[in-house]
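Now for the letters of each chain:
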Amino acid sequence: ETVKLAIGYLKEKHTAMQMLLMLGFVLLLGALGMNFIIQGAYTFLTDIMMAFVMSHIALKKTISVRMIVLFATCMIVPLLSNFGLLENLITTRGDTMRYALGFDYTTRISGIYGFATLYYCYLRKFKLTWRDIFMMVFSSLLIDFLTDTRTYFFLELGFGVIAILVKLHVVQKFKKAYLVIESLFVNLFPIATIATLFITVAYGQGGIFIKLDEILTHRLAQVYADLVNYGIHPFGVSFAQYGNGGAHAAITSVF
């Protein structure tokens, strides 16, 4: 898309926008070159082919079939994994069998689907059809059953609720309040990292923070233990990242 825009500007006189676009293109090539050096030719060529194909497809056409493709993926990929046609990672969490669905960690597919859903809702301004809302929530429910990853399901369920409120024109009635909340979110978001770090460090004081840790399914205790044991990145010491809820290292029992 950058190249196409730059070519369009080439037909006109030399402009600052043209120089900016060409600079962006050079930076893109540099990034892809770094990717080639670090990841290898396969990923590099995949990025090139994907960029080339996407630049020749109308955006509306790609998002019109997105929900159907993801819905089919949620049905077909688990079947391929179960029949052994797709290499899969199977782990357990209590009595729950968790499927990675061809990815290296069970929550990866939930994260990809969550991001794709948010992007789709953003492009459509949450003005989804009833079919879109059903497929979005039902697909995320299937992923939740398979991977036992509730966080993204609740998030996508929230997207569905917003889409329904938009569809029923309920959001318009609270437009002013919504804009106030939106403004507060945008302006206060920069302090989110400081606030979360403060809450995490305060876990050591006990009291209400212990209860907050329970609400957050003990994520607060895990991060606090990481801070105590390894320091704050990038000033702390290097340590291995453990999956499966830290099953390979009792990080929450050492302070």
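So, how was this worked out
Residues numbered from 1 in each chain as written. Predicted model: local features only at pLDDT ≥ 70, side-chain atom pairs only at ≥ 80, totals over all residues. Heavy atoms only, no water. Helix = DSSP H or I, 4+ residues; strand = E, 2+ residues; numbered from the N terminus. Buried < 20%, exposed > 50% of the residue type's maximum accessible area, 1.4 Å probe, protein only. Contact = heavy atoms within 4.5 Å. Areas by Shrake-Rupley, 256 points an atom, 1.4 Å probe, with all protein chains shown as cover. Patch = residues over 30% accessible without salt bridge, like charges linked within 9 Å, V, L, I, M, F, W, Y side chains within 5 Å. Salt bridge = Lys/Arg side-chain N within 4 Å of Asp/Glu carboxyl O. Core = buried A, V, L, I, M, F, W, Y, C linked by side-chain atoms within 4.5 Å. Axes fitted to C-alpha atoms, helices over the stretch in contact; angles between N-to-C directions. Parallel < 35°, antiparallel > 145°, perpendicular 65-115°, else oblique. Left-handed = near helix turned anticlockwise from the far one by under 90°. Nonpolar A, V, L, I, M, F, W, Y, C, P; charged D, E, K, R; others polar. Phe/Tyr/Trp six-rings, centres within 6.5 Å; stacked < 30°, edge-to-face > 60°. Polar contact = N/O pair within 3.5 Å; in protein donor to acceptor, adjacent residues only side chain to side chain. pLDDT = per-residue confidence, 0-100.

*Asks:* Hey, could you run me through the overall build of the protein in this one?
*Replies:* Secondary structure assignment for the protein yields 12 helices and two strands. Ordered by position from N to C terminus, the α and β elements of the protein give α-α-α-α-α-β-β-α-α-α-α-α-α-α. For the protein, the residues scored as buried account for 25% of the 255 residues in total. Of the contacts formed within the protein by residues at least 6 apart in sequence, a portion of 50% connects residues at least 24 apart. Surface accessibility of the protein: about 18,100 Å² in total, with carbon and sulfur atoms responsible for 71%.

*Asks:* Where do I start with unusual backbone geometry in this structure?
*Replies:* Glycine aside, negative phi is the norm for most residues, and most peptide bonds take the trans geometry. Positive phi, close to 65 degrees, is recorded for Phe-126, a residue that is not glycine. Mapping Phe-126 onto the fold places it in the loop between helix H6 (108-123) and helix H7 (130-147). Located in the positive-phi region is His-169, a residue other than glycine, with phi close to 60 degrees. Inspection of the secondary structure puts His-169 in the loop between helix H8 (150-167) and helix H9 (175-188).

*Asks:* Sorry if this is basic, but what is going on with a nonpolar patch on the surface here?
*Replies:* Residues Met-75, Ile-76, Leu-79, Leu-80, Phe-83 and Leu-85 make up a contiguous nonpolar surface patch of about 640 Å² in total accessible area. Following the sequence through the fold, Phe-83 ends up in the loop between helix H5 (66-82) and strand S1 (90-93). The exposure class assigned to Phe-83 is exposed, which follows from its relative accessible area of 66%.

*Asks:* Got a minute to help me understand the nonpolar core in this structure?
*Replies:* In a soluble, globular protein the nonpolar side chains are often hidden away together inside. Counting 13 residues, the largest nonpolar core has Cys-121, Leu-128, Met-136 and Phe-159 as its most contacted members. For this core, the secondary-structure elements that each account for two or more residues are H6, H7 and H8. Ala-202, Tyr-203, Phe-209 and Leu-220 belong to the second-largest nonpolar core, a separate cluster that totals six residues.

*Asks:* So what exactly am I meant to see when it comes to the packing of H6 against H7 here?
*Replies:* The relative placement of two packed helices is expressed as an angle between their axes plus a distance between the axes. Direction vectors running N to C along H6 and H7 enclose 165 degrees, while the axes themselves pass 10 Å from each other. On the basis of the axis angle, H6 is roughly antiparallel to H7. Crossing angle aside, the handedness with which H6 passes H7 is left-handed. Mapping the contact onto sequence places Ile-109, Ser-110, Tyr-113, Thr-117, Tyr-120 and Cys-121 in H6 and Asp-132, Met-135, Met-136, Ser-139, Ser-140, Ile-143 and Thr-147 in H7. When grouped by side-chain class, the residues that make up the contact of H6 with H7 number seven nonpolar, five polar and one charged.

*Asks:* What is the right way to read the packing of aromatic side chains from this model?
*Replies:* Tallied over the full model, the rule gives six aromatic pairs. Summarising the aromatic geometry, the rings of Phe-115 and Tyr-119 are spaced 6.3 Å apart at their centres and angled 5 degrees between planes, so their arrangement reads as stacked. Of this pair, Phe-115 and Tyr-119 both sit in helix H6, four residues apart, roughly one helical turn. A relative accessible area of 58% means that Phe-115 is categorised as exposed. In this structure Tyr-119 comes out as partly exposed when scored by relative accessible area, which is 43%.

*Asks:* Would you take a moment to explain the side chain of Thr-117 for this structure?
*Replies:* Summarising the element assignment, Thr-117 is placed in helix H6. Here Thr-117 falls in the buried class, since its relative accessible area comes to 0%. Side-chain polar atoms of Thr-117 contact the backbone oxygen of Tyr-113, separated by 2.7 Å.

*Asks:* Looking at this structure, I do not really get the pattern of salt bridges. What am I missing?
*Replies:* Proximity of charged atoms lets side chains of opposite charge pair with each other. For the coordinates displayed, the defined rule picks out three salt bridges. The partner of Asp-132 in a salt bridge is Arg-124, with the nearest N and O atoms 3.9 Å apart. Taking relative accessible area as the criterion, Arg-124 reaches 26% and is therefore assigned partly exposed. Linking Arg-131 and Asp-132 is a salt bridge whose minimum nitrogen-to-oxygen distance equals 3.9 Å. Via salt bridges that share partners, Arg-124, Arg-131 and Asp-132 belong to a single interconnected network.

*Asks:* Any chance you could explain the confidence of the model for the protein here in plain terms?
*Replies:* Regions with low pLDDT should not have their predicted coordinates read in detail. Taken as a whole, the protein shows an average pLDDT of 75; of its residues, 63% reach a score of 70 or greater. Ranking the elements of the protein by mean pLDDT puts helix H4 (residues 59-64) last with 62 and H8 first with 90. Scored below 50 in pLDDT, residues 243-251 shows 12 contacts in the model against residues more than four places distant or in partner chains.

*Asks:* I'm lost on the environment of Leu-197 in this one. Help?
*Replies:* Counting through the fold element by element, Leu-197 comes out in helix H10 (residues 192-202). With a relative accessible area of 36%, Leu-197 lands in the partly exposed category. Separated by 27 residues in the primary sequence, Leu-197 and Tyr-224 place their C-alpha atoms 9.2 Å from one another. If sequence neighbours within four positions are ignored, Leu-197 has contacts with Leu-227 and Ile-232.

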